[in-house]
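Each chain, letter by letter, is given below.
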Amino acid sequence: KQEVTQIPAALSVPEGENLVLNCSFTDSAIYNLQWFRQDPGKGLTSLLLIQSSQREQTSGRLNASLDKSSGRSTLYIAASQPGDSATYLCAVFGNEKLTFGTGTRLTIIP
Amino acid sequence: KAGVTQTPRYLIKTRGQQVTLSCSPISGHRSVSWYQQTPGQGLQFLFEYFSETQRNKGNFPGRFSGRQFSNSRSEMNVSTLELGDSALYLCASSLGSGGGNEQFFGPGTRLTVL
């Protein structure tokens with residue numbers, strides 16, 4: 001059974017800092033990994049999708065990496081802004097469904 | 001291009017009642033998946049529909065059911081509601097079924113069972 005873990009559960013950093021969010025998964029037999037953000041009480045916004053054959057994806061200030069063999073992914077956020085405050089979720093696609101981590105609640109301090 | 005839409009956005013029901021939630025996928029997307037989000041269990045997969053057929057189902061009781069129409073819109077039904085069914089129900093659409101397809105989520109339906 002796939003298990004996805006995100007550590008830390010919460011993170012606070014001053015505005016302008018670069019930061020890294022971590023995601024680990026137990027079963028490396030995945031098709032892809034997706035990073036989402038969720039604002040309080042809202043749905044999920046897709047940030048980046050990494051196919052299993054890829055090592056990383058970039059979108060603006062965001063960069064996500066994938067090491068399938070070690071079961072790890074990181075989301076790098078450069079020059080953080082208060083608007084980046086949200087819960088970040090990673091999810092792996094395997095066994096015909098997405099399995100989500102529990103998320104990292106990120107707070108950017110102005 | 002319009003995103004995934006879900007109706008209604010909020011629902012309040014009492015125990016024992018039943019409820020139907022609706023999801024309209026992004027135009028051209030043929031796969032719709034449903035998820036339940038609670039503070040205790042996080043996001044859990046309910047089921048996926050593709051071309052009007054249920055392709056996969058999570059570990060939820062038979063009170064949870066769904067269907068998909070020929071225009072790819074999907075409905076989810078929960079019968080005999082229990083307090084523990086209170087949750088945010090999210091649907092996601094993708095172009096196709098299976099791996100490799102990016103999932104796009106709607107804003108969710110917040111269900112409260114009293």
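No experiment lies behind these values; they were computed from the predicted model shown. (Residues numbered from 1 in each chain as written. Chains lettered and ligands numbered in written order. Predicted model: local features only at pLDDT ≥ 70, side-chain atom pairs only at ≥ 80, totals over all residues. Heavy atoms only, no water.)

*Asks:* An account of the interface of chain A and chain B is requested, with residue identities and associated values reported.
*Replies:* How big an interface is tends to be expressed through the accessible area that disappears when the partners come together. At the interface, 19 residues of chain A touch 19 residues of chain B. Between chain A and chain B, roughly 1,600 Å² of surface is buried when both sides are summed, and carbon and sulfur atoms account for 54% of that area. A per-residue breakdown of the area chain A buries against chain B is headed by Leu-44, Glu-96 and Phe-100 of chain A, which together make up 30% of the total. Applying the counting criterion to the chain A and chain B interface returns one salt bridge. If you look at where chain A meets chain B, you find six residue pairs in polar contact (both at pLDDT 80 or more). Secondary structure elements with two or more residues in the side of chain A that touches chain B: strand S4 (32-38), strand S5 (44-51), strand S9 (86-94) and strand S10 (97-100) of chain A. (Contact = heavy atoms within 4.5 Å. Buried area = accessible area lost by both parts, 1.4 Å probe. Salt bridge = Lys/Arg side-chain N within 4 Å of Asp/Glu carboxyl O. Polar contact = N/O pair within 3.5 Å; in protein donor to acceptor, adjacent residues only side chain to side chain. Helix = DSSP H or I, 4+ residues; strand = E, 2+ residues; numbered from the N terminus.)

*Asks:* Please give an account of the pattern of salt bridges that cites residues and values.
*Replies:* Summed over all chains, the structure comprises eight salt bridges over all chains. One salt bridge connects Asp-85 of chain B with Arg-63 of chain B, and the closest N-O pair in it is separated by 2.8 Å. Of this pair, Asp-85 of chain B sits in the loop between strand S8 (74-78) and strand S9 (87-94) while Arg-63 of chain B is found in the loop between strand S6 (53-57) and strand S7 (64-68), placing the two residues 22 residues apart along the sequence. You can call Arg-63 of chain B buried: its relative accessible area is 16%. Each of Glu-96 of chain A together with Glu-48 and Arg-55 of chain B takes part in salt bridges that share partners, so that together they form one network. (Buried < 20%, exposed > 50% of the residue type's maximum accessible area, 1.4 Å probe, protein only.)

*Asks:* Describe the sheet that holds strand S3 (residues 19-25) of chain A, and please don't skip the residues or the numbers.
*Replies:* All names here are of chain A. Taken together, the five strands give an open sheet; going across it, the order is S1-S3-S8-S7-S6, and neighbouring strands pair in antiparallel fashion. If you trace the sheet from one side to the other, it starts and ends with strand S1 (4-5) and strand S6 (56-59), each paired once. Bridge count between strand S7 (residues 62-67) and strand S8 (residues 72-77): six bridges; the pairing is antiparallel. Its bridge partner being in S8, Ser-65 is matched across the sheet by Thr-74. (Pairing = 2+ DSSP bridges.)

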